[in-house]
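If you want the building blocks of each chain, they are given just below.
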Amino acid sequence: MDLHEMDRYIKSIIKEAGHRIRNSFLSDISIESKSNVNDLVTNIDKEIEQFFISRINRDFPEHRIFGEEGFGDEIRDQKGVIWLLDPIDGTMNFVHQKRNFAISLGIYDEGIGKLGYIYDVVNDDLYHGVLGGGAYYNDEKLCRLSDTVIEESIIAMNATWAVPNRYFDHNGTLQLIQDVRGIRSYGSAALELAYLASGRIDAYISMRLSPWDIAGGMVIAREVGAVATNIRGEPANLMKQDTFIAANPSIHSRILEKYIQQK
Ligand code: 2AM
Ligand code: CA
């Protein structure tokens, strides 16, 4: 796989998809619920996934696609090249705010993340990472993360994890909220990973993420030294939904040890 050639190609289709999404603001969109009333999907999520799939099938017929909306391949193993795609990460933001959502894409070869992209469509901001080649924000190279401490950190998570929940004792989260400098909640896992990689936040925690939410962001975040695991500290899983924490390496294990006890 020629990563430079792939990178040029992927940037061009991501920009074209972004153009299509911005154009969709001019027409009515149809909104449905999936697993629950707040888990939204629109015709645009579906159309954008189908757009990527038609291009990938045409230009890389031997590659497989693992997409949130299910138009790609059924993926049960990590063999060969797999594109992990979330056509709109942060659909609730897309519907309610028309901003704060992203296209998220990771290219994995035999389970190893080679290329990662997060495209903030409305701001025309592209974050990308190349295995061993660094992470970039609009083609400017991002610095490696420098050490920090919990007390000076800004941590992103949804308020859902600060109330009683089935995953872990929320009293730990309440203590974490008291100890950190600030909490943010952006509503798009991909953007939160992009902000971690660019040093705007120091950790991102979620109790329920799917492979396409994190695949692109993990390639980017890893290039600046961030650590990504589930809340048991195991490497983040790209085959199934799981808990997730990505953080500056100087605070990652302390967050898990001191604040998050799995039920
Ligand atoms: P989505 O918009 O693509 O569904 C919201 O805090 C973040 O969590 C978004 O990145 C959202 O992705 C993701 N998310 C929301 N509901 C989810 C679910 N049921 N399973 C996995 N990820 C989810
Ligand atoms: Ca989505």
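Keep in mind that this is a model prediction, so the values were computed, not measured.

A count of helices and strands for the protein chain gives seven helices and 14 strands. The C-alpha radius of gyration of the protein chain comes to 18 Å, within 12% of the 18 Å expected for a compact globule of 263 residues. If you line up the protein chain on its principal axes, its C-alpha atoms span 50 × 40 × 35 Å. Accessible area of the protein chain: about 12000 Å², with a carbon and sulfur share of 47%. Between the centroid of the 28 positive side chains of the protein chain and the centroid of its 38 negative side chains there is a distance of 1 Å.

Bringing the packing of aromatic side chains into the picture now. In this structure the tally under the stated criterion is 11 aromatic pairs. Ring geometry for Phe94 versus Phe101: centroids 5.0 Å apart, planes at 80 degrees, classification edge-to-face. Assigned by exposure class, Phe94 and Phe101 land together as buried. Clustering of aromatic rings is evident, with ring pairs tying together Tyr9, Phe60 and Trp83. Between the NZ or CZ atom of Arg200 and the centre of the ring of Tyr137, over which it lies, the distance is 4.9 Å.

This paragraph deals with the sheet that holds strand S13 (residues 227–229). Reading across the sheet, the five strands line up as S11-S10-S12-S14-S13 and stay open at both edges, with mixed pairing between neighbours. Strands with a single pairing partner mark the edges of an open sheet, and in this sheet they are strand S11 (182–184) and S13. Averaged over all adjacent pairs, the angle separating strand axes in this sheet is 15 degrees, with direction ignored. Bridging between strand S10 (residues 154–156) and S11 involves three bridges; their strand directions are parallel. In the strand pairing of S11, Ala156 is matched with Arg184.

The next point concerns the site of ligand 1. Surveying the vicinity of ligand 1 reveals 15 residues, the closest of which are Asp86, Asp89, Gly90, Asn158 and Ala189. Contacts to ligand 1 include Thr91, whose backbone N or O atom sits 2.9 Å from an oxygen atom. Contact with the protein chains covers 84% of the free accessible surface of ligand 1, which is 480 Å². Contributing elements (two or more residues each) for the shell around ligand 1: strand S4 (81–89) and strand S12 (203–209). No other element matches the three residues that S4 contributes to the shell around ligand 1. Looking at the shell around ligand 1 residue by residue, the class counts come to three nonpolar, seven polar and five charged. If you count residues domain by domain, the shell around ligand 1 takes at least three from each of domain 1 (3–141) and domain 2 (150–259).

The next thing to look at is the sheet that holds strand S9 (residues 140–141). Strand order across the open sheet formed by seven strands is S3-S4-S5-S6-S7-S8-S9, with mixed pairing between neighbours. Strands with a single pairing partner mark the edges of an open sheet, and in this sheet they are strand S3 (64–67) and S9. Of the pairings in the sheet, the one linking S3 to S4 comprises four bridges and is parallel in character. Looking across to S4, one finds that Phe66 is bridged to Leu84. Relative to S4, helix H2 (residues 43–59) is tilted by about 155 degrees, and along the sheet it contacts S3, S4 and strand S5 (102–109). Packing of helix H5 (residues 189–197) onto the sheet brings it into contact with S4, S5, strand S6 (112–120) and strand S7 (125–130), and relative to S6 it is tilted by some 105 degrees.

Of all hydrophobic cores here, the largest spans 36 residues; its most connected members are Ile118, Ile214 and Phe244. Contributions of two or more residues to this core are made by S4, S5, H5, S12, helix H6 (211–223) and strand S14 (242–247). Formed jointly, this core draws a minimum of three residues from each of two domains, domain 1 (3–141) and domain 2 (150–259). Discounting chain neighbours no more than four positions away, the residues touching Ile214 are Leu193, Leu209, Ala236, Asn237, Leu238 and Phe244. Of all hydrophobic cores here, the second largest spans 32 residues; its members include Ile48, Val95, Leu115 and Tyr119.

Reading the values: rules and limits
- Residues numbered from 1 in each chain as written.
- Chains lettered and ligands numbered in written order.
- Predicted model: local features only at pLDDT ≥ 70, side-chain atom pairs only at ≥ 80, totals over all residues.
- Heavy atoms only, no water.
- Helix = DSSP H or I, 4+ residues; strand = E, 2+ residues; numbered from the N terminus.
- Rg over C-alpha atoms; globule rule 2.2 N^0.38 Å.
- Areas by Shrake-Rupley, 256 points an atom, 1.4 Å probe, with all protein chains shown as cover.
- Lys, Arg positive; Asp, Glu negative; His and termini not counted.
- Charge placed at Lys NZ, Arg CZ, Asp CG, Glu CD.
- Phe/Tyr/Trp six-rings, centres within 6.5 Å; stacked < 30°, edge-to-face > 60°.
- Buried < 20%, exposed > 50% of the residue type's maximum accessible area, 1.4 Å probe, protein only.
- Lys NZ or Arg CZ within 6 Å of the ring centre and 35° of its normal.
- Pairing = 2+ DSSP bridges.
- Axes fitted to C-alpha atoms, helices over the stretch in contact; angles between N-to-C directions.
- Near = heavy atom within 4 Å.
- Polar contact = N/O pair within 3.5 Å; in protein donor to acceptor, adjacent residues only side chain to side chain.
- Nonpolar A, V, L, I, M, F, W, Y, C, P; charged D, E, K, R; others polar.
- Domains from an automatic or database assignment.
- Contact = heavy atoms within 4.5 Å.
- Core = buried A, V, L, I, M, F, W, Y, C linked by side-chain atoms within 4.5 Å.

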